[in-house]
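Here are the chains, one letter per residue:
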Amino acid sequence: MVSRFQVVHAVQGKVPVFFDGGVRRGTDIFKALALGAKAVLIGRAVIYGLAAKGELGVKQVIQMLKDELELTMALSGCCSVDDITRSHVKTEKERFICRM
Ligand SMILES: Cc1cc2nc3c(=O)[nH]c(=O)nc-3n(C[C@H](O)[C@H](O)[C@H](O)COP(=O)(O)O)c2cc1C
């Protein structure tokens, strides 16, 4: 089965990619950007916030995603989103080679 992250990787640099679906954490945004996505779209995460706490919940979800993305960027040595590159993520195959 091909994952959404693999699809982004496959078309990287050929067409602008908007990553849509399953974004729940800042690390998901980081990974999508690292694989070449120009933007990510968020559906249910903000709906969950809306259902739980209304407008405040939506703001909190967006702030949480922003905080998590910024933390991930800081831990990866990225000062801006333009600094996030393909080298910041590994495929399963690359991870396997690293373990050998
Ligand atoms: C309440 C709700 C309504 C949606 N309505 C539509 C729609 O009318 N047409 C459409 O193409 N996608 C619709 N979507 C899908 C979103 O555009 C988006 O693709 C999806 O929610 C992203 O995945 P995520 O929810 O995992 O973030 C809807 C999503 C939600 C949560």
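Residues numbered from 1 in each chain as written. Predicted model: local features only at pLDDT ≥ 70, side-chain atom pairs only at ≥ 80, totals over all residues.

Caption draft 1: Quick look at the overall build of the chain. When its secondary structure is counted, the chain shows four helices and two strands. Going from N to C terminus, the chain has its helices and strands arranged as α-β-α-β-α-α. Put simply, the chain has 100 residues, and 22% of those count as buried. Contacts spanning at least 24 positions in sequence make up 43% of the contacts within the chain whose residues lie at least 6 apart. (Helix = DSSP H or I, 4+ residues; strand = E, 2+ residues; numbered from the N terminus. Buried ≥ 20, exposed ≤ 12 C-beta atoms within 10 Å, placed from the backbone. Contact = placed C-beta atoms within 7 Å.)

Caption draft 2: A look at the environment of Phe-19. With respect to the helices and strands, the residue Phe-19 is situated in strand β1 (residues 17–20). Once the C-alpha coordinates of Phe-19 and Ala-39 are considered, the two residues, 20 residues apart in sequence, prove to be 6.2 Å apart.

Caption draft 3: Layout of the site of the ligand. Every residue near the ligand is listed here: Asp-20, Gly-21, Gly-22, Val-23, Leu-41, Ile-42, Gly-43, Arg-44, Ala-45 and Ile-47. For the shell around the ligand, the element with the most residues is helix α3 (residues 44–75), which contributes three residues. Within the shell around the ligand, the residues separate by chemical class into five nonpolar, three polar and two charged. (Near = placed C-beta within 6 Å. Nonpolar A, V, L, I, M, F, W, Y, C, P; charged D, E, K, R; others polar.)

Keep in mind that these numbers describe shape and distance, not what the molecule does.
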